[in-house]
Each structure stands twice: as structure tokens, then as C-alpha cells.
Amino acid sequence: MSELKKLRERVRLRARADALETQRNRRKKRWEQREEKLKQQVDDMNRRWEKEHAQRIHAEREADRQRHLYQDMTNIAHQLMQQLDELKAAGAGGAA
């Protein structure tokens, strides 16, 4: 092969190698962008789950608090009714 043909072949191969390198870099960049987007989506899903979980916990605690409050009010009402019955019985017994 003549020197000119060898030089042309080297230039052609170098151009091809450069084109492949450029293509590889573009693909790598696209892959990194996809990877970053997926990481952001996972982070968003985690944040959303944590927020919803905190809201569920708060709702459960509030429901428990309301239930205990209702039970306390019911107990107090029963005690008051019992005291009222005792007072009526004591009043009726004292009046007789």
C-alpha cells in the first residue's frame, strides 16, 4: 500500500473512531439523564409515601384521641347519672 493510501486509511479510521466516540458520549449522556430522572422519580415517590404515611399516622392518632375522648365523656355521663340517681334516692329516702 502506498503511503498516501495508508494516510487516507488512517484518516478514515480516525474519523470513524471519532464518530463512534461522539456517538458513545451522546448515549452515555442520555443514559445518565435517564438515570437521574429515574432517581428523581424514586425520590418523589419516597417523599410522597412518607408524607402520606405521616398523614395516616396522624389520622389514626386523631381517631384514637377522639375515641378516648368519647369514652371519657361516656364514663363521666354514667358517673353523673349514677350520682344523680343516688341523690334522688337519698332525697326520696329523706323525704319519706
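Keep in mind that this is a model prediction, so the values were computed, not measured.

Definitions and cut-offs
- Residues numbered from 1 in each chain as written.
- Predicted model: local features only at pLDDT ≥ 70, side-chain atom pairs only at ≥ 80, totals over all residues.
- Heavy atoms only, no water.
- Helix = DSSP H or I, 4+ residues; strand = E, 2+ residues; numbered from the N terminus.
- Rg over C-alpha atoms; globule rule 2.2 N^0.38 Å.
- Buried < 20%, exposed > 50% of the residue type's maximum accessible area, 1.4 Å probe, protein only.
- Areas by Shrake-Rupley, 256 points an atom, 1.4 Å probe, with all protein chains shown as cover.
- Patch = residues over 30% accessible without salt bridge, like charges linked within 9 Å, V, L, I, M, F, W, Y side chains within 5 Å.
- Salt bridge = Lys/Arg side-chain N within 4 Å of Asp/Glu carboxyl O.
- Lys, Arg positive; Asp, Glu negative; His and termini not counted.
- Charge placed at Lys NZ, Arg CZ, Asp CG, Glu CD.

On to the overall build of the chain. Per the secondary structure count, the chain includes 1 helix and 0 strands. For 96 residues, the compact-globule estimate of 2.2 N^0.38 gives 12 Å, and the chain exceeds it by more than 25% at 41 Å. When the backbone C-alpha atoms are referred to their principal axes, the chain occupies close to 140 × 10 × 5 Å. A burial count over the chain gives 0% of its 96 residues as buried. When the accessible area of the chain is evaluated, it comes to approximately 9,300 Å², of which 56% is carbon and sulfur surface.

Turning our attention to a negative patch on the surface. A cluster of like negative charges, contributed by Glu32, Glu35, Glu36 and Asp43, occupies part of the molecular surface. Take glutamate 36: it is sitting in helix H1 (residues 3-95). Accessibility expressed as a relative area gives 41% for glutamate 36, which makes it partly exposed.

This part covers the environment of threonine 22. Secondary-structure assignment places threonine 22 in helix H1. Taking the C-alpha atoms as reference points, threonine 22 and glutamate 62, separated by 40 residues in sequence, lie 59 Å from one another.

On inspection of all chains with the given rule, the structure shows 6 salt bridges. Linking arginine 14 and aspartate 18 is a salt bridge whose minimum nitrogen-to-oxygen distance equals 3.1 Å. Residue arginine 14 and its partner aspartate 18 are located together in helix H1, separated by 4 residues, close to a single helical turn. Accessibility expressed as a relative area gives 39% for aspartate 18, which makes it partly exposed.

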